[in-house]
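# Tertiary structure, described
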2 protein chains.
Amino acid sequence: MTRPYDIAAFRALIGPIKCEDNPVLVKQKSRDFYWYSPVLKRQLEPVTADLVVTPQDERQVATILAAAHELAIPVTARGGGTGNYGQAMPLDGGVLLNLIEMNRILAIAPGRVVCEPGALLADIDKAAAASGQELRMFPSTRATASIGGFIAGGSGGVGSITWGGLRDFGNVLRLRVMTMEASPRTLELTGADLHKAVHAYGTNGIITEVEMPLTAAYDWVDVIVGFDSFDAAAAYGLALGEQDGILKKLVTVIAAPAPARYFLRHRSIIPEGKSVVLAMVAPHALDAFEAFTRPVKGAELLFVSSRAPRETLAGLPPNYELAWNHTTLRALRVDPKITYLQVRYPEDGGLAMIRRIHERFGDEAVGHLEIIRFNGRIGFAGLPLVRFTTEERLQALIDEHEAMGAMVFNPHRYTLEEGGMKQTDATQLAFKRDTDPQGLLNPGKMIAWADPDFDYASGQNFLFPGLEARALAAQS
Amino acid sequence: MTRPYDIAAFRALIGPIKCEDNPVLVKQKSRDFYWYSPVLKRQLEPVTADLVVTPQDERQVATILAAAHELAIPVTARGGGTGNYGQAMPLDGGVLLNLIEMNRILAIAPGRVVCEPGALLADIDKAAAASGQELRMFPSTRATASIGGFIAGGSGGVGSITWGGLRDFGNVLRLRVMTMEASPRTLELTGADLHKAVHAYGTNGIITEVEMPLTAAYDWVDVIVGFDSFDAAAAYGLALGEQDGILKKLVTVIAAPAPARYFLRHRSIIPEGKSVVLAMVAPHALDAFEAFTRPVKGAELLFVSSRAPRETLAGLPPNYELAWNHTTLRALRVDPKITYLQVRYPEDGGLAMIRRIHERFGDEAVGHLEIIRFNGRIGFAGLPLVRFTTEERLQALIDEHEAMGAMVFNPHRYTLEEGGMKQTDATQLAFKRDTDPQGLLNPGKMIAWADPDFDYASGQNFLFPGLEARALAAQS
Ligand SMILES: Cc1cc2nc3c(=O)[nH]c(=O)nc-3n(C[C@H](O)[C@H](O)[C@H](O)COP(=O)(O)OP(=O)(O)OC[C@H]3O[C@@H](n4cnc5c(N)ncnc54)[C@H](O)[C@@H]3O)c2cc1C
Ligand SMILES: Cc1cc2nc3c(=O)[nH]c(=O)nc-3n(C[C@H](O)[C@H](O)[C@H](O)COP(=O)(O)OP(=O)(O)OC[C@H]3O[C@@H](n4cnc5c(N)ncnc54)[C@H](O)[C@@H]3O)c2cc1C
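Criteria and cut-off values
- Numbers given to residues run from 1 along each chain, matching the order in which its sequence is written.
- Each chain takes a letter, starting from A, and each ligand takes a number, starting from 1, following the order in which they are written.
- Thresholds applied to this predicted model are a pLDDT of at least 70 for local features of residues and 80 or more for the giving and counting of side-chain atom pairs; totals over whole chains, interfaces and linings are not thresholded and use all residues.
- Processing note: side-chain calculations cover all non-hydrogen atoms of the structure and skip hydrogens and water entirely.
- Each copy is superposed on the other by least squares, with the fit set by C-alpha atoms of residues at a pLDDT of at least 70 in both.
- Contact criterion: two residues are considered in contact whenever any of their non-hydrogen atoms come within 4.5 Å of each other.
- Only protein chains enter the area calculation, which uses a 1.4 Å probe; residues under 20% of their type maximum are buried, those over 50% are exposed, and those in between are partly exposed.
- Strands are runs of DSSP state E lasting at least two residues, helices are runs of H or I lasting at least four, and both sets are numbered from the N terminus onward.
- Strands qualify as paired when DSSP identifies two bridges or more between them.
- Note on definitions: buried area is the accessible-area loss of two parts on being combined, 1.4 Å probe, summed for both.
- Salt bridges, as used here, are contacts in which a Lys or Arg side-chain nitrogen is within 4 Å of a carboxyl oxygen on Asp or Glu.
- What qualifies as a polar contact is a pair of N or O atoms within 3.5 Å, subject to a donor-acceptor requirement within protein and to the restriction that residues adjacent in sequence count only when both atoms come from side chains.
- Under the convention adopted here, Pro, Cys and the residues Ala, Val, Leu, Ile, Met, Phe, Trp and Tyr are nonpolar, Asp, Glu, Lys and Arg are charged, and Gly plus all remaining residues are polar.
- Here a residue is considered near a molecule or strand provided that any single heavy atom belonging to it is located within 4 Å of it.
- Per-residue and other accessible areas were derived by the Shrake-Rupley procedure at a 1.4 Å probe size, with only the shown protein chains allowed to occlude residues.
- Pairing of aromatic rings covers Phe, Tyr and the six-membered ring of Trp, with a centre-to-centre limit of 6.5 Å; geometry is then stacked below 30 degrees between planes, edge-to-face above 60, and tilted otherwise.
- Remark: a charge is flagged as sitting over a ring if the NZ atom of Lys or the CZ atom of Arg is within 6 Å of the ring centre and within 35 degrees of the ring normal.
- Delimitation of the domains relies on an automatic or database domain assignment.
- Axis definition: a line fitted to C-alpha atoms, limited for helices to the stretch in contact. Angles are taken between N-to-C directions and run from 0 to 180 degrees.
- Comment on the angle field: the value is read as roughly parallel under 35 degrees, roughly antiparallel over 145, roughly perpendicular from 65 to 115, and oblique elsewhere.
- Helix crossings get a hand from a simple test, with the near helix turned counterclockwise from the far one by less than a right angle marking a left-handed crossing and a clockwise turn marking a right-handed one.
- We call a set of buried Ala, Val, Leu, Ile, Met, Phe, Trp, Tyr and Cys residues a nonpolar core when their side-chain atoms join them within 4.5 Å.

This next bit is on the relation of the copies chain A and chain B. Superposing chain A onto chain B requires a rotation of 180° together with a translation of 0.0 Å along the rotation axis, leaving an RMSD of 0.0 Å. Viewed as a symmetry operation, the transformation between the two copies matches a two-fold axis. Comparing interface residues between copies, 100% of those in chain A also lie at the interface in chain B; the contact surface is shared.

This is how it looks when you write it as structure tokens:
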């Protein structure tokens, strides 16, 4: 990896397209929420692009990609920059392609929205509301994240209790993707081909247009149910998830002491010592929700937003901003020592495993579950809040989870593979060969490309050579 | 059970309310689809009411119930008369309360419709379409069945693949129910109380108003996928059901030779020897559906309604009129010897059990599965097409199913309990005591009321004494 790149020549080639080269501002835009992880925080600290380029339309994207291709300058896409694994961080410098101003909403029809990649999830929902529709799912960063970034860097979230994950068939309808070549092509991906660019961290083409499914919009009611034990809360959360007739968009389980300790604005609502279930329930399902909840032993209805006085609601974040990675965020704000894991528990025996793990780690890994639909079943995704001490202890925690039968998607890794299935994704790799033959898109994120012989069984972490060089340079 | 009732006095009491006493017409309206079952056909043949009364509003219902109560005349509610267990048949004669003209749609809001009980399911959907909405589920008799009859006599159907059954929390929002007393009261049932009148065959009050949940409406696409084996079709149907992101309203599996033999209008579409999966897929999910289906070994896409030429579509019933009990109906029309069972297979190991049962019975019980959501999981409900020989053999078939681990809801019984869980429903019984103290609503359908000491373990069928008396009278 040789730097510096010929940025001056690049600017000459792209002409009047909006650029920013102020190093402070460039560094700002070269960051995401990687600091959620103390490991990534250490590793990615020195990362910065050379230039931020902000196209206004697909033609400008084509100009930028052609120019970068000609000069062999890496290009890393960025939407809202809310990724939490350093997905949008340009490990090898170069051009930061800021897509947030390509945010037009192009068409809304029954069940569908077509828009540009930089559209914020909240803005898409606002636009869809006129037809009584909304997106099936959004990350808890709805207010600031882009649809392109969600598709390329996210996996699911609020709504996954009903619809499963982003990678499931049907949850993305169509992507228009631009290739990184001398003459960039635009490809329309549908069906099984979507997998080539969904959750590829922008290594497989630049998404210039998306078509997403819509569903019926409701004024979701936030409810909070308190329990004296995490175990009881988890069992209730699962059972609520399994109620097919109670339409909901979120069911989150968070163990004490986290809720009272970290949800500062909810202090008058959530007593100390309570584990909670947070849910978003459709207004017309509220009665059924309460009928279901009332007889549950130990369940205490702490909050129902549709009945809360205006004064109470005023300062309160919505439930979804207490859930998913917002739980981690709120914990981090109170206690900077907090980090997290991402865990999948098996469908059968999941509750018992969660109980065992919770008992084993106590306060070192406070339970946080998201109830989701997965392959037709309701199950648990875990985002436990971890009290960080050392990287070694963090790894030990992961190993112990796996030894107990849970599956860990390591959020302390910046590569696709190590944060995911720890194996080469042959489809994505083949697509990269076809669409980014020089490997210029977001270098270092796809191990299969950077180091085809990498041995996942070795126990070693992948270290992108470009990043290592950078780290050395920074130290000297 | 003493008859005749004082019908003249009754008519005097109800004044100008619409009545019909022509015996031929009364007998017609005293029938439903009970003849699906050769057993019920034999038992219920002589059943008829004395008078059909057709109220136009709730006030008239109150007048009718008060008059019948005063004169101790049984009252049996009827909607569309499409029940297939004789639910709406007045075993003890008396008044047939025909609610089909109370069919006003009173309000439609996001997620909700309020209407009178006689509204046809198809008409509710038509009215809801203006707001882009439709009912969550309907029986395959959508065109002729009433919402009140569906709630009181049905259990689920088209839409249950997404929403579960009618009795699940949230699938009925509110019922207004009138009691059978000297001064009939109206009760508003919500939450857990709904269970008192849902699927009570009109023995627990007369439903005078319903509030049902609505969901987003789509121009559902009918698809038919062919397979060379029932086993492969069932496995595919289950897997399709488990695709959380592919929005569908129906997934039905039917074994060869039934589809080619009984779906006469589909002869040019379904080749002989094919087992099929019928599905209704949202238009925006069609691409994902095809991407999911294409790699499935042996799956052959036989039909996609949105791509079929107009001429092909002209004479074709929609997929849902090939499914649920319409499968049985079409088989019966071709071969009057056909009857059916209602089976639930366990979630775990269901496929293997279905295979074993299918192998065991061959053509005597041709496989028909409805893929539904049940307690948060995708599973199989079975409606196998049975070649009827004798009642003894039919019972043996049921016993053998149960011995192999499947659960049979016997559709050859006219009582709530024998067609259901074979035990007293304490909540419904208590509600009946409170709201119909004389037991005048649809007598003979609730064993718990008619014969509290009935022993389900005895192996005997319940025989309603009133009906026996009638049968004897008819023979003499
Ligand atoms: C508080 C918090 C909560 C979160 N909750 C969730 C959650 O519930 N669910 C979830 O899935 N994630 C969650 N995340 C992660 C992240 O917010 C989501 O993935 C989010 O959708 C990213 O969108 P973004 O626009 O910020 O993307 P960015 O961070 O800007 O980019 C994400 C990735 O997508 C690539 N990319 C961006 N735009 C394009 C494009 N047009 N073409 C090609 N590649 C592109 C980038 O290169 C990068 O690899 C959370 C993060 C935080 C900090
Ligand atoms: C071809 C065919 C297909 C079918 N498919 C399905 C299916 O997919 N799913 C399903 O669940 N069922 C199905 N059924 C059964 C039946 O069609 C449904 O249950 C249907 O919804 C009944 O509606 P109805 O108006 O015809 O009711 P009816 O047959 O008139 O009445 C049904 C029961 O409800 C009671 N009742 C009616 N109105 C009221 C009222 N206002 N208050 C109190 N009680 C009342 C009656 O006394 C009776 O006990 C099918 C039947 C046939 C013949």
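Residue and element names in this part refer to chain A. Of the two faces of strand β4 (residues 95–98), the one holding Val95 and Leu97 and the one holding Leu96 and Asn98 are both buried throughout. Where strand β2 (residues 51–53) meets β4, three bridges bridge the pair, whose relative direction is parallel. Each residue of the ladder has a partner; that of Leu51, found in β4, is Val95. Taken together, the four bridges between strand β3 (residues 75–78) and β4 define a ladder with parallel strand orientation. Bridge pairing links Ala77 to Leu97 in β4.

Tallying the contact residues gives 38 residues for chain A and 38 residues for chain B. Carbon and sulfur atoms supply 52% of the area that chain A and chain B bury against each other, a total of about 2900 Å² over both sides. Its largest share of buried area at the contact with chain B, chain A owes to Phe169, Asp244 and His284 of chain A, together 25% of the area lost on that side. In this assembly, chain A and chain B are joined by zero salt bridges. At the surface where chain A touches chain B, the tally comes to 14 residue pairs in polar contact (both at pLDDT 80 or more). Every element with two or more residues in the side of chain A that touches chain B is listed here: α7 (160–163), β10 (206–216), α10 (286–293), β18 (368–374) and β19 (377–382) of chain A. Taken together, the residues of the side of chain A that touches chain B sort by class into 17 nonpolar, 13 polar and eight charged.

The next subject is the site of ligand 1. Residue and element names in this part refer to chain A. The immediate surroundings of ligand 1 are formed by 38 residues, with Gly79, Gly80, Thr82, Ser146 and Gly156 found nearest. Gln87 is positioned such that a nitrogen or oxygen atom in its backbone is 3.0 Å from an oxygen atom of ligand 1. In the environment of ligand 1, an oxygen atom lies 2.7 Å from a nitrogen or oxygen atom belonging to the backbone of Ser155. Across the complex, the protein chains shield 98% of the 970 Å² of accessible surface that ligand 1 would expose by itself. Those elements that provide at least two residues to the shell around ligand 1 are β3, α6 (147–153), β10 and α12 (324–334). Top element by residues in the shell around ligand 1 is α6. It accounts for five residues. Taken together, the residues that form the shell around ligand 1 break down as 15 nonpolar, 22 polar and one charged.

Each pair of aromatic rings is reported with the distance of its centres and the angle of its planes. Residue and element names in this part refer to chain A. With the rule as written, the count across this model stands at 22 aromatic pairs over all chains. Here Tyr36 and Tyr340 contribute two aromatic rings whose centre-to-centre distance is 5.7 Å and whose plane-to-plane angle is 85°, an arrangement assigned as edge-to-face. Placement of the pair is Tyr36 in the loop between α2 (23–29) and α3 (38–44) and Tyr340 in strand β15 (residues 338–340), with a sequence separation of 304 residues. An angle of 45° between the planes, with centres 5.1 Å apart, marks the rings of Phe227 and Tyr236 as tilted. Take Tyr236: its relative accessible area is 3%, and that puts it in the buried class. Every member of this aromatic cluster is reached through a ring pair, and the members are Phe33, Trp35, Tyr36 and Tyr340. Its guanidinium or amino end placed over the ring of Trp449, Lys432 lies 5.6 Å from that ring's centre, counting from NZ or CZ.

Here we come to the site of ligand 2. Residue and element names in this part refer to chain B. Looking at ligand 2, there are 38 residues lining it, with Ala77, Gly80, Thr82, Ser146 and Gly156 nearest. Thr82 places a side-chain nitrogen or oxygen 2.6 Å from an oxygen atom of ligand 2. Contacts to ligand 2 include Gly156, whose backbone N or O atom sits 2.6 Å from a nitrogen atom. Relative to its free-state accessible area of 970 Å², ligand 2 is covered by the protein chains to the extent of 98%. Sorting the residues of the shell around ligand 2 by element identifies β3 (75–78), α6 (147–153), β10 (206–216) and α12 (325–334) as the ones contributing at least two each. Here the shell around ligand 2 gets five residues from one element, more than from any other, and that element is α6. Here the shell around ligand 2 is built from residues that sort into 15 nonpolar, 22 polar and one charged.

Right, let's get into the domain arrangement of chain A. Residues and elements named next belong to chain A. One can read the domain layout of chain A as domain 1 (105–217) and domain 2 (221–308 + 316–405). Look at where the C-alpha atoms of domain 1 and domain 2 centre, and you get two points 27 Å apart. On the side of domain 2, 17 residues touch domain 1, which itself brings 15 residues to the contact. Approximately 1300 Å² of surface area, both sides summed, lies buried where domain 1 meets domain 2, with 58% of it carried by carbon and sulfur atoms. Taken as a group, Ser140, Val158 and Ile161 account for 50% of the area that domain 1 buries against domain 2, more than any other trio of residues on that side. Between the two partners, domain 1 and domain 2, sit one salt bridge. Of the charged contacts, one joins Glu134 and Lys249 as a salt bridge, the two residues approaching to 2.8 Å between their closest N and O atoms. Where domain 1 packs against domain 2, one counts eight residue pairs in polar contact (both at pLDDT 80 or more).

A separate point is the sheet that holds strand β18 (residues 368–374) of chain B. Residue and element names in this part refer to chain B. Taken in spatial order, the eight strands make up an open sheet running β14-β11-β13-β12-β18-β19-β16-β21, and their pairing is antiparallel. On the outer flanks of this sheet lie β14 (300–304) and β21 (407–408), each paired with one strand and no other. Both strand β16 (residues 343–344) and β21 contribute to a ladder of two bridges, which runs antiparallel. Directly across from Val343, in β21, lies its bridge partner Val408.

Let's shift gears to the packing of helix α13 (residues 350–361) of chain A against helix α14 (residues 391–403) of chain A. Packed helix pairs are characterised by how far apart their axes lie and by the angle those axes make with each other. Residue and element names in this part refer to chain A. Running from amino to carboxyl end, α13 crosses α14 at an angle of 150°, the nearest separation of the two axes being 11 Å. Here α13 lies roughly antiparallel to α14, going by the angle between them. Note that α13 runs across α14; the crossing there is right-handed. Residues Ile357, Arg360 and Phe361 of α13 form the contact with α14, whose own contacting residues are Arg393, Leu397, Glu400 and His401. Along the lines of polarity and charge, the residues of the contact of α13 with α14 split into three nonpolar, one polar and three charged.

Attention now goes to the sheet that holds strand β15 (residues 338–340) of chain B. Residue and element names in this part refer to chain B. Taken in spatial order, the three strands line up as β15-β20-β17 in an open sheet, and their pairing is antiparallel. Edge positions in the sheet fall to β15 and β17 (365–366), since each of these pairs with one other strand and no more. Inspection of the sheet shows β17 paired to strand β20 (residues 385–387) by two bridges, in the antiparallel sense. Of the residues in β20, the one forming a bridge with Ala365 is Val386. Each of β15 and β20 is contacted by α12, which is oriented at about 165° to β15, the strand it contacts most.

All names here are of chain A. Among the secondary structure elements, Glu209 is positioned in strand β10. The buried category is assigned to Glu209, whose relative accessible area is 17%. Only 2.9 Å separates the side chain of Glu209 from the side chain of Arg174, close enough to count as a polar contact. For Glu209, the contacting residues outside a window of four places in its chain are Leu106, Val114, Cys115, Pro117, Arg174, Leu175 and Arg176.

Glancing now at the nonpolar core. In this structure, Ile147 and Leu175 of chain A together with Ile147 and Leu175 of chain B are the most contacted members of the largest nonpolar core, which totals 256 residues. When sequence neighbours within four positions are dropped, the list of residues in contact with Ile147 of chain B reads Cys115, Glu116, Pro117, Ala119, Leu121, Ile124, Val210 and Met212 of chain B. Counting residues in each nonpolar core, the second largest holds 24 residues, with Ile14, Val53, Ile64 and Ala77 of chain B among its members.

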